[in-house]
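Here are the chains, one letter per residue:
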Amino acid sequence: MRLTYYWMLVLMTAGWVWGGQAGIETRPTFQDLFVGGQGGYDTYRIPSIITTHKGSVLAFCEGRKNNSKDAGDIDLLMR
């Protein structure tokens with residue numbers, strides 16, 4: 001599941017450049033935003049990423065506190 005979030009971030013993040021200006025190659029940096037078992041949640045599900053008009057990147061998902069089932073204590077999270 002971690003690999004899925006990684007590629008989603010790669011494909012949906014705006015503003016990164018391959019083969020930047022003046023021959024300088026820049027590459028995106030990666031960070032795990034939601035890791036199951038951390039932050040008080042058992043599972044993170046249904047990730048979404050959006051970029052604002054000003055270039056801020058917002059990541060959303062469901063945080064499921066006790067298990068990965070569809071019913072139970074579920075919060076909407078943003079980073």
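What counts, and at which threshold
- Residues numbered from 1 in each chain as written.
- Predicted model: local features only at pLDDT ≥ 70, side-chain atom pairs only at ≥ 80, totals over all residues.
- Heavy atoms only, no water.
- Pairing = 2+ DSSP bridges.
- Helix = DSSP H or I, 4+ residues; strand = E, 2+ residues; numbered from the N terminus.
- Axes fitted to C-alpha atoms, helices over the stretch in contact; angles between N-to-C directions.
- Salt bridge = Lys/Arg side-chain N within 4 Å of Asp/Glu carboxyl O.
- Buried < 20%, exposed > 50% of the residue type's maximum accessible area, 1.4 Å probe, protein only.
- Polar contact = N/O pair within 3.5 Å; in protein donor to acceptor, adjacent residues only side chain to side chain.
- Contact = heavy atoms within 4.5 Å.
- Core = buried A, V, L, I, M, F, W, Y, C linked by side-chain atoms within 4.5 Å.
- Phe/Tyr/Trp six-rings, centres within 6.5 Å; stacked < 30°, edge-to-face > 60°.

What follows deals with the sheet that holds strand 1 (residues 43-51). Taking strand neighbours across the sheet as the criterion, the three strands line up as 1-2-3 in an open arrangement whose pairing is antiparallel. The open sheet has two edge strands with one neighbour each: strand 1 and strand 3 (74-78). On average, each strand axis in the sheet is tilted by 15° relative to the strand beside it, whichever way the strands run. Bridging between strand 2 (residues 57-64) and strand 3 involves five bridges; their strand directions are antiparallel. Of the residues in strand 3, the one forming a bridge with Gly63 is Asp75.

It is worth spelling out the pattern of salt bridges at this point. Taken as a whole and assessed by the stated rule, the structure comprises three salt bridges. In this structure, Arg64 and Asp70 form a salt bridge, with 2.9 Å as the shortest nitrogen-oxygen distance. Exposure remark for Arg64: the relative accessible area of 4% places this residue in the buried category. The exposed category is assigned to Asp70, whose relative accessible area is 65%. When salt bridges that share partners are traced, they join Glu62, Arg64 and Asp70 into one network.

The subject of this paragraph is the pairing of strand 2. Relative to strand 2, strand 1 runs antiparallel, the two being bridged by seven bridges. By the bridge assignment, Tyr44 is partnered in strand 2 with Gly63. Hairpin remark: strand 1 followed by strand 2, antiparallel, with five residues in the connecting loop; positive phi at Gly55, about 100°.

With respect to the helices and strands, the residue Arg64 is situated in strand 2. A polar side-chain atom of Arg64 sits 2.6 Å from a polar atom in the side chain of Glu62. Of the polar contacts made by the side chain of Arg64, one reaches the backbone oxygen of Lys69; its length is 3.0 Å. If we ignore the near neighbours within four places in the chain, the residues touching Arg64 are Tyr41, Asp42, Thr43, Arg45, Ile46, Lys69, Asp70, Asp73 and Ile74.

Counting seven residues, the largest nonpolar core consists of Phe34, Tyr41, Tyr44, Ile49, Ala59, Cys61 and Leu77. Broken down by secondary-structure element, the contributors of at least two residues to this core are strand 1 and strand 2. Those residues in contact with Tyr41 that sit more than four places away from it in its chain are Gly36, Gly63, Arg64, Lys65, Asp75 and Leu77.

Under the defined criterion, the tally for this structure stands at two aromatic pairs. Note on Phe34 and Tyr44: the rings are 5.5 Å apart at their centroids and 45° apart in plane angle, and the pair reads as tilted. On the criterion of sequence distance, the pair formed by Phe34 in the loop between helix 1 (2-12) and strand 1 and Tyr44 in strand 1 is long-range, its members being 10 residues apart. Taken individually, Phe34 and Tyr44 each receive the classification buried, so the pair is uniform in this respect. With a centroid separation of 5.7 Å and an interplanar angle of 50°, the aromatic rings of Tyr41 and Tyr44 are classed as tilted. Look at Tyr41 and you get buried, because its relative accessible area is 14%.

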